[in-house]
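Below are the chains, spelled out letter by letter.
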Amino acid sequence: MAYEITGHTVLTGLLGSPVAHSISPAMHNEAFRQLGLDYAYLAFDVGTDKLETAVEGLKVLGARGFNVTMPDKNKMCMLADRLSTAAEIGGAVNTIVNDNGILTGHTTDGIGFMRSLKEDGHDIIGQKMTLLGAGGAAAAILVQAALDGVAEISVFNIRDDFYKRAEKLMDTLEERTGCRLKIFDFSDEAVLKREIGESRILVNGTSVGMAPNTDRCIITDDSVFRKDLIVFDVIYNPEETLLLKKAKAAGCAVSNGLNMLLYQGAASFRLWTGQEMPVDIIREKYFRR
Ligand code: NDP
């Protein structure tokens, strides 16, 4: 089927700054084309000061929904009429669905993480996780993992604003789920080693090791790696961080952040269209490893 913009084309898109580098327009427009859906996805470079106006504009224009990226995932919570449970607990929104002027905020990064693990054949429900970092990506993982039934999560972060915010988030999350949550200071290496030793999975939710600083690794003691430990890195550039290289060499099962990125997009796509994104085609075309 020819892919054309028509008088009926449904608008979706991305708000944030910067957005020009984003893979989301290519990913969503290809998926719309593959399924013959009369939708389009555009990227709008909108800073915090213009967010509210842009959201109001998209609502008036009847957009079906949109993604929100840095720096406004937190602010978007305040502008939504309703929030999914994960968005409400995490205080962050990356996807808005517009139902006749009612905006519902969702967060799909954590959904992407959980699906990525499942597709790699790992079941971490009822198990223990050690999570490094408490920023945006790490918080999304923390919330979704606890909601989905991971039994215990130990978070490590530097004692700063993210640490304090995570403490509050974890109090709420513990009340709302059965998950046992603890937060520790990164500098306590003996505790880090102990917690990883008790965990089924180690997740790097920090930006340490991301390009261009590819010679950096968040783990300095290689003896934490053991064959039955899953090591997941949210970073997708480079595709194999130093952390994943070391873990793989020690026999761990490893995953990078590429599938998490793909599946968070697939979750937004489903929310807007009610259909499954053809992820194999999108992966082959845009996420080839
Ligand atoms: P944030 O800035 O929100 O969080 C960064 C985190 O990294 C914070 O917890 C920060 O801790 C920690 N950190 C940074 N430097 C250090 C250090 N030297 N030692 C210890 N901790 C450190 O960023 P995001 O969460 O948005 O992004 C983090 C990474 O996740 C990026 O590489 C990004 O590309 C990736 N990402 C991947 C996604 C995917 O779908 N795969 C989705 C979103 C992000 P502190 O409190 O000290 O600042």
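These numbers come from a predicted model, not from an experiment.

A. Representation of helix α10 (residues 258-273) in the model. A rise of 1.5 Å per residue sets the reference length of α10, with its 16 residues, at 22 Å; its end C-alpha atoms lie 23 Å apart and thus fit the reference within 8%. Within α10, 14 of the 16 residues are buried, which leaves the element mostly enclosed by the surrounding structure. Looking one or two residues beyond α10, the residue adopting positive phi is Gly274, at roughly 75 degrees.

B. Broad picture of the environment of Met70. Looking at where Met70 falls in the secondary structure, it is placed in the loop between β3 (65-68) and α3 (75-79). Excluding its chain neighbours within four sequence positions, the residues that come into contact with Met70 are Gly16 and Ser17.

C. Just the sheet that holds strand β8 (residues 152-157), in detail. Across the sheet, six strands lie side by side as β9-β8-β7-β10-β11-β12; this open sheet has parallel pairing. Both edges of this open sheet fall to β9 (180-185) and β12 (253-255), since each of them pairs with a single strand only. Between one strand axis and the next, the sheet turns through 15 degrees on average, direction left out of account. The sheet contacts of helix α5 (residues 109-119) involve β7 (128-132), β10 (201-204) and β11 (230-233), and relative to β11 the element is tilted by about 140 degrees. Packing against the sheet, helix α7 (residues 161-176) makes contact with β8 and β9, and its axis sits at approximately 170 degrees to β9.

D. Highlighting the pattern of salt bridges. By the definition in use, this model includes 21 salt bridges. Residue Lys73 is joined to Asp109 by a salt bridge in which the shortest nitrogen-to-oxygen separation is 3.1 Å. Of this pair, Lys73 sits in the loop between β3 and α3 while Asp109 sits in helix α5, and the two are 36 residues apart along the sequence. Its relative accessible area of 23% is what places Lys73 among the partly exposed residues. Look at Asp109 and you get buried, because its relative accessible area is 13%. A salt bridge links Arg176 to Glu88, with the nearest nitrogen and oxygen atoms 3.2 Å apart. Note that Arg176 is positioned in helix α7 and Glu88 in helix α4 (residues 85-90), a separation of 88 residues in sequence. Here the salt bridges share partners, and the residues they tie into one network are Lys128, Glu152, Arg180, Lys182, Arg194, Glu195 and Glu198.

E. The arrangement of the packing of aromatic side chains in detail. Scanning the entire structure with this criterion turns up six aromatic pairs. Ring geometry for Phe156 against Phe184: centres 5.1 Å apart, planes inclined by 25 degrees, an arrangement best described as stacked. Of the two residues, Phe156 sits in strand β8 while Phe184 sits in strand β9, which places them 28 residues apart along the sequence. For the pair Phe156 and Phe184, one class covers both residues: buried. Within the aromatic cluster, the residues linked to one another by ring pairs are Phe32, Tyr39 and Phe269.

F. Molecular detail of the environment of Ala137. Counting through the fold element by element, Ala137 comes out in helix α6 (residues 136-148). Taking the C-alpha atoms as reference points, Ala137 and Asp109, 28 residues apart in sequence, are found 6.9 Å from one another.

G. Summary view of the site of the ligand. Lining the immediate environment of the ligand, one finds 23 residues, of which Gly136, Ala137, Asp160, Phe162 and Met210 sit closest. The separation between an oxygen atom of the ligand and a polar main-chain atom of Ala137 is 2.8 Å. Separating a nitrogen atom of the ligand from a side-chain N or O atom of Arg216 is a distance of 3.4 Å. Contact with the protein chains covers 77% of the free accessible surface of the ligand, which is 910 Å². Put simply, the parts of the chain that give the shell around the ligand at least two residues each are α6 and α10. Classifying every residue of the shell around the ligand gives 13 nonpolar, eight polar and two charged.

H. Looking closely at the side chain of His28. For His28, the location among the structural elements is in helix α1 (residues 24-35). His28 has contacts with Tyr41, Asn67, Gly265, Ser268, Phe269, Trp272 and Met277, leaving out every residue within four places of it along the chain.

Parameters and conventions
- Residues numbered from 1 in each chain as written.
- Predicted model: local features only at pLDDT ≥ 70, side-chain atom pairs only at ≥ 80, totals over all residues.
- Heavy atoms only, no water.
- Helix = DSSP H or I, 4+ residues; strand = E, 2+ residues; numbered from the N terminus.
- Expected span 1.5 Å × (residues − 1).
- Buried < 20%, exposed > 50% of the residue type's maximum accessible area, 1.4 Å probe, protein only.
- Contact = heavy atoms within 4.5 Å.
- Pairing = 2+ DSSP bridges.
- Axes fitted to C-alpha atoms, helices over the stretch in contact; angles between N-to-C directions.
- Salt bridge = Lys/Arg side-chain N within 4 Å of Asp/Glu carboxyl O.
- Phe/Tyr/Trp six-rings, centres within 6.5 Å; stacked < 30°, edge-to-face > 60°.
- Near = heavy atom within 4 Å.
- Polar contact = N/O pair within 3.5 Å; in protein donor to acceptor, adjacent residues only side chain to side chain.
- Areas by Shrake-Rupley, 256 points an atom, 1.4 Å probe, with all protein chains shown as cover.
- Nonpolar A, V, L, I, M, F, W, Y, C, P; charged D, E, K, R; others polar.

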